[in-house]
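Single-letter residue listing:
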Amino acid sequence: MIPLAVIAAVAENGVIGKDNRLLWRLKADLRRFRELTWGKPMIMGRRTFESIGKPLPGRETIVLTRDPEFSATGVHRVTEWGEARLVAERLAELAGAPWIPVVGGAEIYALALPEAELIYLTEVHARPDGDVVFPPLNRAEFREVRATHHLAGPDDDHAFTFRDFVRI
């Protein structure tokens, strides 16, 4: 089985979004997201896909949704977590991907966390008001292998820390 990797940007108060959009501009995080996901099949929920607006180049997109009316060109639509895993496994094998990124939203993260072997977390040093929060993460199940701190700047609205974890 190819490992799952949760990739998320989370504010200090757990918020990950509001009104189906990100609450910060972090160019460095977008670069990291691209580097982490490039050439790999990504699993995401319908609302996350709609917030992005299109399939991202260089990656296969698997959209998990309960909406029977949802369709989008260039994506793999699935209706169950197990199906998402099977499609992602097949695509990852074809691409030679070492792991499968899970990129949101909150419900999809909640499904993935019990199975995730890796977590690539961007801890945003802010406490914005939001309507979507990251599910509880039991850090005792993971070992932090890297932390890189960054200051706010012209391309980054807030200070942030990249934290990488592996399951113990």
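This text goes with the structure placed above it.
Everything quoted here is computed from the prediction, not taken from an experiment. (Residues numbered from 1 in each chain as written. Predicted model: local features only at pLDDT ≥ 70, side-chain atom pairs only at ≥ 80, totals over all residues. Heavy atoms only, no water.)

*Asks:* Would you mind going over the pairing of strand E3 (residues 42–45) in detail, with residue names and values included?
*Replies:* Neither face of E3 is exposed, since Met42 and Met44 on one face and Ile43 and Gly45 on the opposite face are all buried. Here E3 pairs with strand E4 (residues 61–64) via four bridges, running parallel. Considered in E4, the bridge of Met44 is made with Val63. What joins E3 to E4 is helix H2 (residues 46–52), and the crossover it makes is right-handed. (Buried < 20%, exposed > 50% of the residue type's maximum accessible area, 1.4 Å probe, protein only. Helix = DSSP H or I, 4+ residues; strand = E, 2+ residues; numbered from the N terminus. Pairing = 2+ DSSP bridges. Right-handed = clockwise from strand over helix to strand, strands pointing away.)

*Asks:* Quick rundown of the pairing of E4? Include the residues and the values.
*Replies:* Two faces make up the sheet, and in a regular strand the side chains alternate between them. Residues Thr61 and Val63 line one face of E4 and the alternating positions Ile62 and Leu64 line the opposite face, and both faces are buried. The sheet contact formed by E4 and strand E5 (residues 76–78) spans three bridges and is parallel. The partner of Leu64 across the bridge, within E5, is Val78.

*Asks:* Account for the side chain of Asp164, naming residues and giving values.
*Replies:* The residue Asp164 is located in strand E10 (residues 160–167) in this model. What makes Asp164 buried here is its relative accessible area of 5%. Sequence-distant contacts of Asp164, defined by excluding residues within four places in its chain, comprise Arg32, Ile119, Tyr120, Arg143, Glu144, Val145 and Arg146. (Contact = heavy atoms within 4.5 Å.)

*Asks:* Just give me the short version of the nonpolar core, but keep the residues and values in it.
*Replies:* In this structure, Val6, Ile43, Ile62, Trp81, Val102 and Phe134 are the most contacted members of the largest nonpolar core, which totals 30 residues. If you tally residues by element for this core, the top one is helix H3 (residues 81–95), at six residues. Discounting residues that sit within four places of it in the chain, Ile43 has contacts with Leu4, Ile62, Trp81, Ala84, Arg85, Ala88, Ile100, Pro101, Val102, Val103, Gly104 and Ile108. By size, the runner-up hydrophobic cluster in this structure holds 15 residues, among which are Met42, Leu56, Val75 and Trp99. (Core = buried A, V, L, I, M, F, W, Y, C linked by side-chain atoms within 4.5 Å.)

As far as function goes, none of this settles anything; it's purely spatial.
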